[in-house]
Amino acid sequence: MTRNNQQGKNDHVCPHKFAFMLDNWLRRIVQNPKRIVGEYLKAGDHVLDVGCGPGYFSIEMAKLVGESGKVIAADLQPQMLERVEKKAGKHKVQQRMEFHQCHATGIGLKKKVDFILAFYMIHETGDSKAFLAEMKQLLNPGGKILIVEPKMHVTRELFESILDEAKEAGLKVAAFPEKKGGRSVLLTV
């Protein structure tokens with residue numbers, strides 16, 4: 001299942017100029033980062049926020065993993081990463097963060113992590129099957145991936161096909177967590 005145009009480009013990535021819509025006080029009421037990811041993180045964890053945008057989840061995850069942990073904020077757009085880095089400095093968590101620019105065809109990391117958050121972004125990838133396989137390769141043994149997709153963009157049928165691709169990639173469904181802000185699945189290796 002590829003959701004890209006005929007030239008292999010993805011036209012569904014939220015542009016950086018709309019970053020203010022992704023990180024505001026109103027969203028915190030509806031989608032509180034600590035409530036969404038807090039139960040999966042502990043001090044010392046190494047985590048990846050893939051498609052991090054302006055760092056809405058990245059900063060909170062950096063606080064949750066503590067000084068001995070690490071958060072990799074990864075995004076396709078360098079402007080988004082600049083915003084995250086600036087915000088990390090403001091919140092004094094920059095030392096426990098890395099900023100990684102993905103490429104159009106994948107994440108492009110070689111590091112292993114304990115947890116990956118893919119919030120509202122799998123539907124934006126050009127090749128979700130390859131993307132899920134890459135995420136599996138990044139997980140430490142016992143690692144988890146939380147995928148949350150927006151119901152307004154991702155139908156139940158499309159979400160089911162993402163689950164099928166995850167299984168084909170060697171990932172296992174651990175749970176279907178509720179109240180995460182959309183269609184949600186927790187995957188393990």
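The model shown is predicted, which means the values in this text are computed figures rather than measured ones.

Enquirer: Hey, could you go over the overall build of the protein for me, with residue numbers and the actual values?
Expert: Along its length, the protein carries 7 helices and 7 strands. Order of helices (α) and strands (β) in the protein, N terminus to C terminus: α-α-α-β-α-β-α-β-β-α-β-α-β-β. Nonlocal contacts in the protein, meaning residues at least 24 apart in sequence, comprise 73% of its contacts between residues at least 6 apart. As displayed, the protein has an accessible area near 9800 Å², and 52% of this comes from carbon and sulfur atoms.

Enquirer: Account for the pairing of strand E4 (residues 113-119), naming residues and giving values.
Expert: Looking down a regular strand, the side chains alternate between one sheet face and the other. Within E4, 6 of the 7 residues are buried, leaving the element largely enclosed by the surrounding structure. Across 6 bridges, E4 lies against strand E5 (residues 139-149) in parallel orientation. Residue pairing across strands places Phe-115 opposite Lys-144, the latter belonging to E5. Handedness of the E4-helix H6 (residues 128-138)-E5 crossover: right-handed.

Enquirer: Describe the packing of aromatic side chains, with residues and values.
Expert: Using the criterion set out here, one finds 4 aromatic pairs in the structure. Ring geometry for Tyr-56 and Phe-57: centres 5.1 Å apart, planes at 90°, overall edge-to-face. The same class applies to Tyr-56 and to Phe-57, which are both buried. The interplanar angle of 45° and the centroid separation of 4.6 Å between the aromatic rings of Phe-57 and Phe-119 together place this pair among those described as tilted. Of the two residues, Phe-57 sits in the loop between strand E1 (46-50) and helix H4 (58-65) while Phe-119 sits in strand E4, which places them 62 residues apart along the sequence. The two residues Phe-57 and Phe-119 agree in class, both being buried.

Enquirer: Describe the pattern of salt bridges, naming the residues involved and giving the relevant values.
Expert: Considering all chains together, one arrives at 4 salt bridges under this definition. A salt bridge links Glu-39 to Lys-180; the shortest N-O distance between them is 2.6 Å. Placement of the pair is Glu-39 in the loop between helix H3 (33-37) and E1 and Lys-180 in the loop between strand E6 (172-175) and strand E7 (183-188), with a sequence separation of 141 residues. Exposure remark for Lys-180: the relative accessible area of 3% places this residue in the buried category. A salt bridge links Glu-168 to Lys-129; the shortest N-O distance between them is 2.8 Å.

Enquirer: Describe the state of the cysteines, listing the residues and the values that go with them.
Expert: If you walk through the whole model with that rule in mind, you get 0 disulfides. Between Cys-52, a free cysteine, and Cys-102, which holds the nearest cysteine sulfur, the sulfur-to-sulfur gap is 7.8 Å. Taking the relative accessible area as the measure of exposure, Cys-52 reaches 6% and is therefore buried.

Definitions and limits used
- Residues numbered from 1 in each chain as written.
- Predicted model: local features only at pLDDT ≥ 70, side-chain atom pairs only at ≥ 80, totals over all residues.
- Heavy atoms only, no water.
- Helix = DSSP H or I, 4+ residues; strand = E, 2+ residues; numbered from the N terminus.
- Contact = heavy atoms within 4.5 Å.
- Areas by Shrake-Rupley, 256 points an atom, 1.4 Å probe, with all protein chains shown as cover.
- Buried < 20%, exposed > 50% of the residue type's maximum accessible area, 1.4 Å probe, protein only.
- Pairing = 2+ DSSP bridges.
- Right-handed = clockwise from strand over helix to strand, strands pointing away.
- Phe/Tyr/Trp six-rings, centres within 6.5 Å; stacked < 30°, edge-to-face > 60°.
- Salt bridge = Lys/Arg side-chain N within 4 Å of Asp/Glu carboxyl O.
- Disulfide = S-S within 2.5 Å.

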